[in-house]
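Summary of structural features
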Amino acid sequence: MSFPLLTATAAVPAIGAIVTAAVPAARRTGAKWIALAFSLATLVLAAIALVRFEPGGDRYQLTESHAWISDFGVRYELGVDGIGVALMALTALLIPFIILAGWHDADPLETKSSRWRPTQGFFALILMVEAMVILSFEATDVFLFYILFEAMLIPVYFLIGGFGDRAHAGGDEAGATQRSYAAVKFLLYNLAGGLIMLAAVIGLFVQAGTFSLAEIAEARANGTLDMSTGMERWLFLGFFFAFAVKAPLWPVHTWLPNAMGEATAPVAVLITAVVDKVGTFAMLRFCLQLFPEASKWATPVVLVLALISIVYGALLAVGQRDIKRLIAYASISHFGFIIMGIFAMTSQGQSGATLYMINHGISTAALLLVAGFLISRRGSRLISDYGGVQKVAPVLAGTFLIGGLATLSLPGLAPFVSEFLVLVGTFSVYPVIGIIATVGIVLAALYVLVLYQRTMTGPVNESVRSMPDLKLRELAVVTPLIALLLFLGVYPKPLTDIVNPAVEHTMSDVQKTDPKPEVEAAP
Amino acid sequence: MNPVNYLYLAALLFTIGAAGVLIRRNAIVVFMCVELMLNACNLAFVAFSRMHGNLDGQIIAFFTMVVAAAEVVVGLAIIVSLFRSRHSASVDDASLMKL
Amino acid sequence: MENLIALLIAAPLLGAGLLLCGGRRLDRVGHLLGTVLAAASFVIGVVLFADMLGKGGEERALHQHLFSWVPVEGFQADIAFQLDQLSMTFVLLITGVGTLIHIYSIGYMEHDERRRRFFGYLNLFLAAMLLLVLADNYLLLYFGWEGVGLASYLLIGFWQHKPSAATAAKKAFLVNRVGDMGLSIAIMLMFTTFGTFAFGPVLESTGEASDGTITGIGLMLLLAACGKSAQVPLQSWLGDAMEGPTPVSALIHAATMVTAGVYLITRSGAIFNASPDAQLVVVVVGAVTLLFGAIVGCAKDDIKKALAGSTMSQIGYMILAAGLGPIGYVFAIMHLVTHGFFKAGLFLGAGSVMHGMNDEVDMRKYGGLRKYMPVTFVTFGLGYLAIIGFPGLSGFWSKDKIIEAAFAKGGTEGWILGAVTLLGAALTAYYMTRVMLMTFFGEKRWQPDAEGNEPHPHESPKSMTIPMIVLAFGSVFAGGLFSLNESFVKWLEPVTAFEHGHPPISAGAVTASTVVVLLIGVGAAYLQYGRKPVPVIAPRGSLLTRAARRDLLQDDFNHVVLVRGGEHLTRSLVYVDHTLVDGVVNGTAASFGGLSGRLRKLQNGYARSYAVSMFGGTAVLIAATLLMRAV
């Protein structure tokens, strides 16, 4: 039996979480280094998985399968296709930066007793989330996926509620209230989604008699799976609702701005760049694969909801006064693009959506982490408390601008490629929706540039006059992310090579082909 | 004798026990009423065992007795410690577990 | 040879990377490094040009394929370059004028502590602009297109401590984004129609697509061109863009970037040729902008904004010419090149004047500067003569041809267009004479500013005057050189195609009328600004003047409709999101809370009452079971 690489990618951060949590209170810094070391080890394993993955090979590779709860046919089944392996690598890549960016976010306040160990808890929870997210990208058993999908709420809940942003306008007391509100809201929304999904999972088992993706697909191919149209639609809706909450899609998006606003910047990155990707990933893997007919049936409604998300999220971002909430609404807009690409059901749309997940992860991380550095310096999240930062901290402003430009999908930076693919993919089947969605790119320019103008340019605000520029640790976080954005913006081929075969499989699952061009152009 | 009569007796005992649990306030008496209910059940099991001609009911009755013995140990311990801290064995005085 | 193409872009890109990431270490040599790399790019351009001249007309195009950019099923976008005569023209213009402006900036930005960064941005601009003109497919062109937009944003907002500069930069980027939306829709349309967006296949098969599609693509391309080239209705950003340092205005907002729209239309000539409707719209946009810009230019007292109005108007000429089809493409590009020379020269002259006048831009506070700045005066004067189309100078040759082509359009349209272009020529002569007279003639009108610093006008350093002199040479001779033997027409013909237009009146009559309207314009300006002293405080002026000072109220319209409307929309949406969307969820949560508050009363803590509910429940269950049995 070969080395269980996929299990290892999840087991290493899980062990890391336990080890980090066990570090004594006084060895706080040691705990940070341990957490970083484990996240780097995970990154190495993910890189190995990425290398061992053969784009042209089987659909699911590096598979593992063990009996788990045999009475219900639940198996511990892992395997990755191109999309899964890419997202797993993204997760493993981002966590070290999140840990490094949050280095001082959970240092204990002096008022607490010496046995208080928030730092250990903070980093242990982050690693716990990493383990669950990675495993959920690898799970090919519906039940296993469901367990992870729900279980990851718990550490995220504690990360939001327990380690809030210390820069709160209303002081600590109001901060704590807002924080617990945000955490509970996050939990309730996602639990509600998860509950409905549970019903659908049970329904699927009753219908198919198994939880295994591969077996269900085989049964579908053989025609032995007898599922009525109505039943397929109900099950689809059950799954889709849960993923739409997590993604999040309009109108079940309102937990995201609260959660991202109240959490510390690294945790906000963890939520939007990593955890939320499970939702969009699951739409691709479960909704489209398990219920292709129902997915096609729901496409018009989903596309309209995605379109509303794009425009609505962007418009609300323009109206925000809080930096992190602004970025949260921008993310809602971007998730609209991702979902639109998935459900346009063209090769370009799906490749674009997958690339978008990765690129959005990197670009949001870059923008939000720099915003976090900015906020931690001034101790305020309000845009109006800044101004002229460019003058006192040019490197901070420059990196912030690049993060912003990536968010508005400037060509040359990675998100452009994916956004354009999504737009083209949608346009080729639904021209009107594609055209309206391009309004999103104008609005993106608006909210990013307004944010940049109000915080970074103009006369220097008195309160930022003595603001230091980025430190070495912060540069170590931002520079690789920016380099990656530039590289993938110009040369995304390594990624598309991995993703394309998976997209072809999905396209054949839903039995769709790309529309032919009107004119066969001369070669 | 018709075994059904034993069932009537069991029902009667059970009802007396249940009424006692509901009405009496002294914890010891409530406890005794619970025992009465358990024994009513035992009687019914044994009667059923006899009616059906197999041993299942009797086995269950033994189970019940074992559990009841364990329960007596735990329950009396609780009542004693309650009496020590409150100088009363009234169940209404121990009403702190409400929201 | 074709391997050199990538180097054209790589040189300034390297400069941008080094200067922007290099940190303070490069502060002392940054400007030199930037200039050398720009010059290197120019040298490579000249080498390629010489090579190209050695080949026959049809074999001149070079192609270089670097790598596949976005390889996705059915979607091929490559990083690949195409260097033909049209691109070559732009490469020489961009790198040539670009290098001159780099040299000029060494002196102009000498006292700016962020000079290294300025040169980094300039290099970034060069790289993006070269990418734009060298791309061999529309998506890569889009890359360059947004890249120049970014560079323009950074450079307009270079003095970002000034809120006005930051706002102007943002506005420029946003308005351009609206245009970019057009370009992206055009590319998507091409993709769905032709399955590709490489120049070659798309432009060869335009005839096979349906008319509606082609017109749609054409109009979307026009929208893009309007944004980038500041054409009505997306022109409002150009005037504000003058907040940037003057070399930027000269390079980006006069000579190169704003002409990208003309490039786009000329490059996509086959699409427009296939759609007369789209062409008509192009011509109308060009004609309207031509007059719009000229009218605005007549009323502005800010020297740079007057020149910006003029730029808009001159690009209107080019767009109009490009809209005329094969009779106009060549002249659009020819005017573009000559305009690149004289307008860059004029802006550099204006920068030189501002340099000597403590950055004062109000022409009413100039006057009589010819004595203090002789070199600036002469070079600016030559540029002035060129732009108004003084016979023999560059502008004359190119503008005259456009007017001729406008008449040659034929029918009523031809007469209307001819008249508009002639009117534009008269207005050009008027506003440029006005600028000239207010700046260099008359009495000195400057006064000490609030702190008592009186400007001491002086000639600018050599690094600034030499580029001005070189550009003045171009303003004088380029047009004549291009027209000699129709050399420019022959040069571009293989790419853009060319037809001789046949105006209803003879070419001589067109030229004569051009000269006449020119004299009228100059005369009118002289009567108003040369004979009488210029008031320092601007008179109230007629309704049209006041409107023209406010950019013909376009900004006010935008403000009321778009900015205010947008603010209201976003605010009300924020409210809706908070109360309605969130409210539904919070309301559900609250109702559950209320329900549980009531249910909580059942938990009274008395063991008896719990026992009652247990017994009651059991009784109900038993009763239900019995009942089910009975039924």
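What you are looking at is a predicted structure, and each value in this text was computed from that prediction instead of being measured.

**Concerning the overall build of chain A**
What chain A contains, in helices and strands, is 20 helices and two strands. Seen along its three principal axes, the alpha-carbon backbone of chain A occupies a region of about 70 × 55 × 40 Å. Here chain A holds 523 residues, and the buried ones make up 64% of them. Counting only contacts in chain A whose residues sit at least 6 apart along the sequence, the fraction spanning at least 24 positions is 82%. Accessible surface computed for chain A: about 17400 Å², of which carbon and sulfur atoms make up 65%. Within chain A, the 35 negative side-chain charges are centred at a point lying 10 Å from the centre of the 32 positive side-chain charges.

**A closer look at the environment of Ala630(C)**
Residues and elements named next belong to chain C. Along the chain, Ala 630 falls in helix H24 (residues 607–630). For Ala 630, a relative accessible area of 69% puts it in the exposed group. For the pair Ala 630 and Gly 395, spaced 235 residues apart in the sequence, the C-alpha separation amounts to 107 Å.

**What to know about helix H16 (residues 394–407) of chain A**
Residues and elements named next belong to chain A. Taking 1.5 Å per residue as the helical rise, H16 with its 14 residues ought to reach 20 Å, and the 20 Å between its terminal C-alpha atoms agrees with that figure. Among the 14 residues in H16, 11 count as buried, and that is most of the element. Of the positions making up H16, those classed as buried are Pro 394, Leu 396, Ala 397, Thr 399, Phe 400, Leu 401, Gly 403, Gly 404, Leu 405, Ala 406 and Thr 407. Positive phi shows up at Ser 409, right after H16, with a value of about 60°.

**As for the interface of chain C and chain B**
With 10 residues of chain C at the contact, the number on the chain B side is 13 residues. Interface area for chain C against chain B, summed over the two sides, is near 950 Å², with a carbon-plus-sulfur share of 68%. Linking chain C to chain B there are zero salt bridges. Counting the contacts that link chain C with chain B gives zero residue pairs in polar contact (both at pLDDT 80 or more). The leading source of residues in the side of chain C that touches chain B is H24(C), at five residues. Its residues assigned to classes, the side of chain C that touches chain B shows five nonpolar, three polar and two charged.

**Looking at the pairing of strand E1 (residues 61–69) of chain A**
With six bridges connecting them, E1(A) and strand E2 (residues 74–80) of chain A associate as antiparallel partners. Its bridge partner lying in E2(A), His66(A) is registered against Tyr76(A).

**Topic: the UniProt feature "domain: NADH-Ubiquinone oxidoreductase (complex I) chain 5 N-terminal" (unreviewed entry) in chain C**
This chain's UniProt record puts "domain: NADH-Ubiquinone oxidoreductase (complex I) chain 5 N-terminal" (unreviewed entry) on residues 69–119 of chain C. The distance from the first to the last C-alpha atom of residues 69–119 of chain C is 28 Å, and the span holds 57% helix and 25% strand.

**Section: the packing of aromatic side chains**
Considering all chains together, one arrives at 48 aromatic pairs over all chains under this definition. Taking the centre distance of 5.4 Å and the plane angle of 75° together, the rings of Phe396(C) and Trp397(C) count as edge-to-face. Phe396(C) gets classed as buried once you look at its relative accessible area, which sits at 9%. A cation over an aromatic ring shows up here: Lys246(A) above the ring of Phe149(A), its NZ or CZ 4.1 Å from the ring centre. The ring of Phe158(C) has Arg114(C) sitting right over it, with the charged end atom 4.6 Å from the ring centre.

**Examining the UniProt feature "domain: NADH:quinone oxidoreductase/Mrp antiporter transmembrane" (unreviewed entry) in chain C**
The UniProt record marks residues 135–420 of chain C with the feature "domain: NADH:quinone oxidoreductase/Mrp antiporter transmembrane" (unreviewed entry), using the residue numbering of this structure. Span residues 135–420 of chain C is 76% helix and 0% strand, its end C-alpha atoms 34 Å apart.

**Comments concerning the nonpolar core**
Ranked by size, the top nonpolar core spans 405 residues in total, and within it Phe239(A), Phe243(A), Phe343(A) and Phe75(C) carry the most contacts. If near-sequence neighbours (up to four positions away) are discounted, Phe243(A) is found in contact with Phe145(A), Phe149(A), Met197(A), Gly279(A), Ala282(A), Met283(A), Phe286(A) and Cys287(A). Listed in part, the six residues of the second largest apolar core include Ala18(B), Val21(B), Val30(B) and Cys33(B).

**Notes on the arrangement of the chains**
Of all two pairs of chains sharing an interface, the pair with the highest contact count is chains A and C. Regarding chain A and chain B, which are not in contact, the minimum distance between any of their C-alpha atoms is 21 Å.

**A word on the side chain of Ser352(C)**
Within the secondary structure layout, Ser352(C) lies in helix H15 (residues 329–356). Other than its neighbours up to four places away in sequence, Ser352(C) contacts Tyr104(C), Met373(C), Thr376(C), Glu459(C), Ser460(C), Met464(C) and Met468(C).

**A word on the domain arrangement of chain A**
Residue and element names in this part refer to chain A. What the domain assignment reports for chain A is domain 1 (1–108 + 117–290) and domain 2 (291–514). Between domain 1 and domain 2, the C-alpha centre-to-centre distance is 21 Å. Domain 1 puts 62 residues into the contact, and the matching count from domain 2 is 58 residues. Considering only the surface of domain 1 that becomes buried against domain 2, Phe 97, Trp 250 and Leu 288 emerge as the three largest contributors, covering 14% of it. Taken together, domain 1 and domain 2 are joined by two salt bridges. Here Arg 381 makes a salt bridge to Glu 262, at a shortest N to O gap of 3.5 Å.

**Structural notes on the pattern of salt bridges**
One pass over the structure, following the stated rule, counts 20 salt bridges over all chains. A salt bridge links Arg381(A) to Asp322(A); its shortest N-O distance comes to 2.9 Å. A residue pair is termed long-range when its members are at least 10 positions apart, and Arg381(A) in the loop between helix H14 (347–378) and helix H15 (389–392) and Asp322(A) in the loop between helix H12 (292–318) and helix H13 (323–344) qualify at 59 residues. Residue classification places Arg381(A) among the buried positions, given a relative accessible area of 9%. Between Glu146(C) and Arg177(C) there is a salt bridge, with its nearest N and O atoms 2.8 Å apart. With a gap of 31 residues between them, Glu146(C) in helix H5 (residues 138–156) and Arg177(C) in helix H6 (residues 163–194) connect regions that are remote in the sequence. The same class applies to Glu146(C) and to Arg177(C), which are both buried. One connected set of salt bridges, linked through shared partners, spans Glu262(A), Asp322(A) and Arg381(A).

**A look at unusual backbone geometry**
Of the consecutive residues Ala247(A) and Pro248(A), the connecting peptide bond is found in the cis state with omega at -10°. Position of Pro248(A) among the secondary structure elements: in the loop between helix H9 (229–246) and helix H10 (255–262). Residues Val232(C) and Pro233(C) are joined by a peptide bond in cis, for which omega reads 10°. Structurally, Pro233(C) can be placed in the loop between helix H8 (211–228) and helix H9 (236–240). Positioned with a positive phi, Leu62(A) is a non-glycine residue whose angle comes to about 55°. Relative to the assigned elements, Leu62(A) resides in strand E1. Unusually for a residue other than glycine, Asp359(C) sits at a positive phi of about 60°. Tracing the backbone shows Asp359(C) in the loop between H15 and helix H16 (374–388). The exposure class assigned to Asp359(C) is exposed, which follows from its relative accessible area of 51%.

**Remarks on the confidence of the model for chain C**
On average, residues of chain C score 87 in pLDDT, and 100% of them are at 70 or above. Here the prediction assigns the complex a pTM of 0.86, and the interface score ipTM is 0.90.

**Examining H14(A)**
Residue and element names in this part refer to chain A. Counted at 1.5 Å a residue, the expected span for H14 with its 32 residues is 46 Å, and the 46 Å between its end C-alpha atoms agrees. Across the 32 residues of H14, 30 count as buried, placing the element largely inside the fold. Looking one or two residues beyond H14, the residue adopting positive phi is Gly 379, at roughly 75°.

**Describing the pairing of strand E2 (residues 75–83) of chain C**
Residues and elements named next belong to chain C. For E2, the tally of buried residues reaches eight of nine residues, placing the bulk of the element in the interior. Here strand E1 (residues 62–72) pairs with E2 via nine bridges, running antiparallel. The partner of Phe 67 across the bridge, within E2, is Ile 79. The hairpin turn running from E1 into E2, its antiparallel successor, is two residues long, and Gly 74 in that turn takes a positive phi close to 75°.

**Description of the packing of H9(A) against helix H11 (residues 265–290) of chain A**
Residues and elements named next belong to chain A. Where H9 meets H11, the axes come as close as 7 Å, and the angle between the chain directions of the two elements is 155°. As far as their axial angle goes, H11 and H9 are roughly antiparallel. When the axes of H9 and H11 are compared, the crossing they make is left-handed. Between H9, through Phe 236, Phe 239, Phe 240, Phe 243, Ala 244 and Lys 246, and H11, the contact on the second element is made entirely by Val 275, Asp 276, Gly 279, Ala 282, Met 283, Phe 286 and Cys 287.

Conventions used here
Residues numbered from 1 in each chain as written. Chains lettered and ligands numbered in written order. Predicted model: local features only at pLDDT ≥ 70, side-chain atom pairs only at ≥ 80, totals over all residues. Heavy atoms only, no water. Helix = DSSP H or I, 4+ residues; strand = E, 2+ residues; numbered from the N terminus. Buried < 20%, exposed > 50% of the residue type's maximum accessible area, 1.4 Å probe, protein only. Contact = heavy atoms within 4.5 Å. Areas by Shrake-Rupley, 256 points an atom, 1.4 Å probe, with all protein chains shown as cover. Lys, Arg positive; Asp, Glu negative; His and termini not counted. Charge placed at Lys NZ, Arg CZ, Asp CG, Glu CD. Expected span 1.5 Å × (residues − 1). Buried area = accessible area lost by both parts, 1.4 Å probe. Salt bridge = Lys/Arg side-chain N within 4 Å of Asp/Glu carboxyl O. Polar contact = N/O pair within 3.5 Å; in protein donor to acceptor, adjacent residues only side chain to side chain. Nonpolar A, V, L, I, M, F, W, Y, C, P; charged D, E, K, R; others polar. Pairing = 2+ DSSP bridges. UniProt positions renumbered as here; feature names shortened; annotations may be inferred. Phe/Tyr/Trp six-rings, centres within 6.5 Å; stacked < 30°, edge-to-face > 60°. Lys NZ or Arg CZ within 6 Å of the ring centre and 35° of its normal. Core = buried A, V, L, I, M, F, W, Y, C linked by side-chain atoms within 4.5 Å. Domains from an automatic or database assignment. pLDDT = per-residue confidence, 0-100. Axes fitted to C-alpha atoms, helices over the stretch in contact; angles between N-to-C directions. Parallel < 35°, antiparallel > 145°, perpendicular 65-115°, else oblique. Left-handed = near helix turned anticlockwise from the far one by under 90°.

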